[in-house]
Amino acid sequence: MPQAPTLMTGLKYRLAERLFHASWLSGSQQKHRLTMRLFNHCANAGHTGALSLYGHMLFQRGNSAQEKAKGARFVIKAAQAGDVHAQYQAARIYEYGCAQYQSDPAKAVTWYARAAECRHALAAQRLARAYREGSLGLAVCPHKAEQWEAHARTGGEADLH
């Protein structure tokens, strides 16, 4: 069970993030390995940002089914901890399913709504499309589709009630 992130974990995460985005030494295998080790350590320690970012990387680009499954677990944990980007990714995981998480439209809608309510425009747009098309187990409702579209356009300032 992961421990609460410490100050040292936070510092390691910031270093990993800077290494990840740094243009110098691009293509360096040593830089890549160090960055991934730092992200892994931080995610295993329960750092929400690392769970989200590293989990997304593993899920999307992992070399094995085990890495992809670990990435999905990390993303779900980050979503549960309130990370808006992870909430959107969790919704996609539940919409499309993967080896570890079966497709579950109701959970996908829940995660899209949580992310959209936190001003994630793509999540709001996906909900609008779902209401327009009647997908994700939702009934066609042009009114709700328009509300979510307005929510996406206004950055969450539109009234959803």
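Residues numbered from 1 in each chain as written. Predicted model: local features only at pLDDT ≥ 70, side-chain atom pairs only at ≥ 80, totals over all residues. Heavy atoms only, no water.

Things to note about the overall build of the protein chain
Tallying secondary structure elements over the protein chain gives eight helices and zero strands in all. Counting from the amino terminus, the protein chain carries its helices and strands in the arrangement α-α-α-α-α-α-α-α. In terms of its C-alpha atoms, the protein chain occupies a principal-axis envelope of roughly 50 × 35 × 30 Å. Classification of the 161 residues of the protein chain by burial places 45% in the buried group. Summarising the internal contacts of the protein chain: among those between residues at least 6 apart in sequence, 43% fall at separations of at least 24. In the form shown here, the protein chain has an accessible surface area of approximately 9,200 Å², with 54% of it arising from carbon and sulfur atoms. Across the protein chain, the mean location of the 20 positive side-chain charges is 12 Å away from that of the 11 negative side-chain charges. (Helix = DSSP H or I, 4+ residues; strand = E, 2+ residues; numbered from the N terminus. Buried < 20%, exposed > 50% of the residue type's maximum accessible area, 1.4 Å probe, protein only. Contact = heavy atoms within 4.5 Å. Areas by Shrake-Rupley, 256 points an atom, 1.4 Å probe, with all protein chains shown as cover. Lys, Arg positive; Asp, Glu negative; His and termini not counted. Charge placed at Lys NZ, Arg CZ, Asp CG, Glu CD.)

Description of the nonpolar core
Here is a general trend for soluble globular proteins: nonpolar side chains tend to be buried in one another's company. Among the nonpolar cores identified, the biggest contains 46 residues, and Phe39, Tyr54, Tyr112, Leu127 and Trp148 are the most heavily contacted of them. For this core, the secondary structure elements donating two or more residues are α1 (7-21), α2 (29-44), α3 (48-61), α4 (65-80), α5 (84-96), α6 (105-117), α7 (121-133) and α8 (142-153). Residues contacting Leu127, with those up to four places away along its chain left out, are Val109, Tyr112, Ala113, Ala116 and Trp148. (Core = buried A, V, L, I, M, F, W, Y, C linked by side-chain atoms within 4.5 Å.)

Focus on α8
Under the 1.5 Å per step criterion, the end-to-end length of α8 is 16 Å for twelve residues, consistent within 8% with the ideal 16 Å. Here α8 has its buried residues at Ala145, Gln147, Trp148, Ala150, His151 and Ala152. The elements touched by buried residues of α8 are α6 and α7. Just beyond α8, the residue with positive phi is Gly155, at close to 70°. (Expected span 1.5 Å × (residues − 1).)

Remarks on the packing of aromatic side chains
Two numbers describe a pair of aromatic rings. These are the distance of the centres and the angle of the planes. For the structure on display, the rule yields six aromatic pairs. The interplanar angle of 40° and the centroid separation of 6.1 Å between the aromatic rings of Tyr54 and Phe74 together place this pair among those described as tilted. With Tyr54 in helix α3 and Phe74 in helix α4, this residue pair connects regions lying 20 residues apart in the sequence. Each member of the pair Tyr54 and Phe74 is classed as buried. Feature note: the residues Tyr13, Phe20, Phe39, Tyr54 and Phe74 constitute an aromatic cluster, connected by ring pairs. Its guanidinium or amino end placed over the ring of Trp111, Arg114 lies 4.5 Å from that ring's centre, counting from NZ or CZ. (Phe/Tyr/Trp six-rings, centres within 6.5 Å; stacked < 30°, edge-to-face > 60°. Lys NZ or Arg CZ within 6 Å of the ring centre and 35° of its normal.)

Here's the deal with the pattern of salt bridges
Taken as a whole and judged by the stated rule, the model has four salt bridges. Note that Glu149 is salt-bridged to Arg132, the shortest N-O span being 2.3 Å. Remark: Arg132 occurs in helix α7 and Glu149 occurs in helix α8; sequence separation between them is 17 residues. As a salt-bridge pair, Arg153 and Glu146 come within 2.9 Å of each other at their nearest N and O atoms. (Salt bridge = Lys/Arg side-chain N within 4 Å of Asp/Glu carboxyl O.)

This is a description of form; function is not addressed.
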